[in-house]
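Summary of structural features
Here's the letter readout for the chains.
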Amino acid sequence: MTSVQTRHALETRALDHLWMHSNDLEWDDLQEGGLRVFSRGHGSTLIDVHGAEYIDGLAGLFVVAAGHGRTEIGEAMAHQAGEIAYTAASNAANPVNIALAEKISSLTPGDLNRVFLCSGGSEAVESAMKIAKQVQVMRGHGKRYKIIARRGSYHGTTFGAASLTGSASEKYFGPFMPGVSKVPNPNQYRNDFGLDGEAGDIMCARFVEQEILTQGPENVAAVIGEPISVANGTHLPSPIYWQMLRDICDRYGVLLIMDEVITGWGRTGKWFAAEHYGVVPDIMTMAKGLSSGYAPVAAVAVRSSIFDDFRPTGQALNHLITFGGHAVAAAAALKNIEILERENLVQRSAEMGTYLYDLAQKLRSHPTVGDVRGGLGLLCAIDFVKNKDTREAWGTSHPFIKFLALRTQEEGLVTRVWDVLHLAPPFVLTRDEAERAIDIVDRCLTEAEAKFADEIQ
Ligand code: PLP
């Protein structure tokens, strides 16, 4: 078999045997050329099995902060595997998971100094939820089991996390976990209240308070939200929103969980997005950028004051994940954090984020670009509309969106296109790559607008 045949065989084998995870592309789209097999990468560049190069506009899935091809992370993992790879998460520790817990404590804001390690974002959210519920029981508030989440948010795919997430998958998996209620998510571009700017966000915060009162504060364990909800379209809330949520939660004895699975580890130009808002949550979840994807590792950081309420009971957290605190994964995370610090990559995320966001502003001249959001780190969203006045979206399965998704990829930009196109590349992105990425979006949009001209109002 020639090498070209081998490469084609890889795509066929992938489609024959891998069950791809849910994404912007449906199975048919993957078969129509949407599936790429990447065999190498360096920096912000992905290389497929045919040798074609792409800009990784999404850092995998908001993951590869330090960039691809970091062999020193692999070396640290290999060294650790030679020392010890695994110790039980329940009654043993290892030097690297201790060091990782200390490092996370030192970089998270406030007194988020107690760290529960696990392997992915959904697990972190499940763990945060269970920690919140058990802490309430330990405080003598056993009735507090309800959780308030926001519509349009994404917290993961396991059953509890999916229950906190939007309703799209409810038709397959519902009914979801009881005791979850949803309130509006900050959205300054399209909200139900017709309020612009801060006023809309203040209204959203009031909805949280109202929901606590409706459910009865004595029944509510926690409120959860992503500091900036990427799933909801990367709308940046005003600082007052999070400050109000902090006050509201304190007033009613409700725990505040910030889900920093995407926004943590420098994605927004600070170690954690909570820092932009001057708020310390009671519980913070993190994953993705923690290891830059070199190993599956995630964490939940909890305030010491919360743990102190728990501790006098003498009881353990009733929650165990076999691979939590895995030594090789911890070694990957520690080396990744060392690189982020050594190369000032969080600062670079802030600087390149501004550069990319400023470049993306030129896309506003397109008749189908309603909004360009971002400006905090390498997290940028381009919002597509059929009509700039009504701000009507195309809908994620519209052929206009599919066309953009496939064409941008063909042109060498890997990203995610739903109603918005997300750009969240590795922090090592160069200026040239940023310019090329925006040029590709610009060109593909022009093509899409010509093709769907009849539908643009
Ligand atoms: N929370 C947020 C904010 C996320 O964006 C995600 C994944 O994208 C998750 C949780 C779930 O993470 P995972 O896919 O690692 O389970």
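An unreviewed UniProt entry lists the protein chain under the name Aminotransferase class III-fold pyridoxal phosphate-dependent enzyme, with Gordonia aquimaris given as the organism. Listed in UniProt under the heading Sequence similarities (unreviewed entry), the comment for the protein chain reads: "Belongs to the class-III pyridoxal-phosphate-dependent aminotransferase family."

Considering the overall build of the protein chain
The helix and strand tally for the protein chain stands at 16 helices and 16 strands. Taking 457 residues into account, the globule formula puts the C-alpha radius of gyration at 23 Å, and the protein chain, at 22 Å, falls close to it. If you line up the protein chain on its principal axes, its C-alpha atoms span 65 × 60 × 40 Å. By residue count, 48% of the 457 residues in the protein chain fall in the buried class. The long-range share in the protein chain, meaning contacts at least 24 apart out of those at least 6 apart in sequence, stands at 73%.

A closer look at the site of the ligand
Neighbouring the ligand are 13 residues; G120, G121, S122, G156 and V261 lie closest to it. Looking at the shell around the ligand element by element, the count peaks at 3 residues for helix 6 (residues 121-138). Classifying every residue of the shell around the ligand by side-chain character gives 5 nonpolar, 6 polar and 2 charged.

Examining the sheet that holds strand 9 (residues 283-286)
An order of 4-10-9-8-7-5-6 is seen for the 7 strands of this open sheet, with the pairing classed as mixed. With partners counted over all chains shown, the strands left at the sheet margins are strand 4 (112-118) and strand 6 (180-183), one partner each. The mean angle between the axes of side-by-side strands here comes to 20°, regardless of whether they run parallel or antiparallel. Of the pairings in the sheet, the one linking strand 5 (residues 146-150) to strand 6 comprises 4 bridges and is parallel in character.

Quick notes on the environment of G160
With respect to the helices, strands and loops of the structure, G160 is situated in helix 7 (residues 159-164). Separated by 217 residues in the primary sequence, G160 and G377 place their C-alpha atoms 30 Å from one another. Leave out the neighbours within four places in its chain, and G160 touches E126, M129 and M177.

Let's talk about the confidence of the model for the protein chain
Here the protein chain shows a mean pLDDT of 95. Residues at 70 or above account for 98%. Both scores are available for the predicted complex, with the pTM at 0.97 and the ipTM at 0.99.

Some details on the domain arrangement of the protein chain
For the protein chain, the domain assignment lists domain 1 (3-64 + 344-455) and domain 2 (71-342). Domain 1 and domain 2 are separated by 27 Å when their C-alpha centres are compared. On the side of domain 2, 22 residues touch domain 1, which itself brings 24 residues to the contact. Listing elements by their share of the side of domain 1 that touches domain 2, those giving two or more residues are helix 3 (59-62), helix 14 (345-360), strand 11 (369-373), strand 12 (380-387) and strand 16 (420-423). Broken down by element, the residue count for the side of domain 1 that touches domain 2 peaks at 5 residues, all from helix 14. Residues of the side of domain 1 that touches domain 2, tallied by class, amount to 13 nonpolar, 6 polar and 5 charged.

Some details on the pairing of strand 9
Covered by surrounding structure in strand 9 are I283 and T285 together with M284 and M286, the residues of both alternating faces. Looking at chain direction, strand 8 (residues 255-259) and strand 9 are connected through 3 bridges and run parallel. Residue pairing in the sheet places I257 in a bridge with I283 of strand 9. Bridge analysis of strand 9 against strand 10 (residues 298-303) gives 4 bridges, and the strand direction is antiparallel. Paired with M286 across the two strands is A299, which belongs to strand 10.

A few points about the packing of helix 15 (residues 399-410) against helix 16 (residues 431-451)
Put simply, helix 15 and helix 16 touch, their axes get as near as 10 Å, and they point 145° apart. In this structure, helix 15 crosses over helix 16, and the sense of that crossing is right-handed. Residue-level contacts link F400, F403, L404, R407 and T408 of helix 15 to I440, V441, C444, L445, E447, A448 and K451 of helix 16. Here the residues of the contact of helix 15 with helix 16 are counted per class, giving 8 nonpolar, 1 polar and 3 charged.

Digging into the environment of T12
Note on placement: T12 falls in helix 1 (residues 3-17). Its 10 C-beta neighbours within 10 Å are what place T12 among the exposed residues. Distance in space between the C-alpha atoms of T12 and Q31 is 9.0 Å, their sequence separation being 19 residues.

Structural notes on unusual backbone geometry
The residue after G174, namely P175, is reached through a cis peptide bond having omega 0°. Here F62, not a glycine, exhibits a phi torsion of approximately 65°, which is positive. Looking at the secondary structure, you find F62 in helix 3. In the Ramachandran plot, S292 falls in the positive-phi region, its phi being about 55° despite a non-glycine side chain. In this fold, S292 is placed in the loop between strand 9 and strand 10.

Some details on helix 16
The end-to-end C-alpha distance of helix 16 is 30 Å, a good match for the 30 Å that 21 residues give at a rise of 1.5 Å each. Buried within helix 16 we find E433, A434, A437, I438, I440, V441, C444, L445 and A448. Viewed end-on, helix 16 has its buried residues packed into an arc of 150°, placing them on one side of the element. The outward face of helix 16, more than 90 degrees from its buried face, is lined by the exposed residues R431, D432, T446 and A450. Buried residues belonging to helix 16 abut strand 3 (53-56), helix 14, strand 12, helix 15, strand 14 (413-414) and strand 16.

Some points on the packing of helix 4 (residues 71-83) against helix 13 (residues 327-342)
Orientation of helix 4 relative to helix 13, taken along the N-to-C sense of each, is 145°, at an axis distance of 8 Å. Viewed along their axes, helix 4 and helix 13 form a crossing whose handedness is right-handed. Between helix 4, through E72, I73, A76, M77, Q80 and A81, and helix 13, the contact on the second element is made entirely by A327, V328, A331, A332, K335 and N336. For the contact of helix 4 with helix 13, the class distribution of residues is 8 nonpolar, 2 polar and 2 charged.

Conventions we followed
- Residue numbers run consecutively from 1 along every chain, following the written order of its sequence.
- The predicted origin of the model limits local features to residues at a pLDDT of at least 70 and limits the giving and counting of side-chain atom pairs to 80 or more, whereas totals for whole chains, interfaces and linings rest on all residues.
- UniProt positions are given in the numbering used here, feature names are shortened, and annotations may be inferred rather than shown by experiment.
- Helix and strand definitions follow DSSP, with helices as H or I runs of at least four residues and strands as E runs of at least two, each counted in order from the N terminus.
- We compute the radius of gyration over the C-alpha atoms and compare it with the globule rule, which gives 2.2 Å times the number of residues raised to the power 0.38.
- Three exposure classes are used, all based on how many other C-beta atoms lie within 10 Å of a residue's own C-beta (placed from the backbone): buried at 20 or more, exposed at 12 or fewer, and partly exposed between those limits.
- With C-beta atoms placed from the backbone, a contact is any residue pair whose C-beta atoms sit within 7 Å.
- What makes a residue near a molecule or strand is its C-beta atom, placed from the backbone, lying within 6 Å of it.
- Charged residues are taken to be Asp, Glu, Lys and Arg, nonpolar residues to be Ala, Val, Leu, Ile, Met, Phe, Trp, Tyr, Cys and Pro, and polar residues to be all remaining types, Gly included.
- Pairing between strands requires that DSSP locate at least two bridges from one strand to the other.
- Only the contacting stretch of a helix is used when fitting its axis, a line to C-alpha atoms as for every element, and angles between N-to-C directions run 0 to 180 degrees.
- Values of pLDDT, which run from 0 to 100, indicate the predictor's confidence residue by residue.
- Note that the domain bounds reflect an automated or database-derived domain assignment.
- Left-handed describes a crossing whose near helix is turned anticlockwise from the far helix by less than a right angle; the clockwise case is right-handed.
- Expected helix span is computed as 1.5 Å times (number of residues minus one).
- Each C-beta atom gives one direction from the helix axis, and the arc is the one those directions make.

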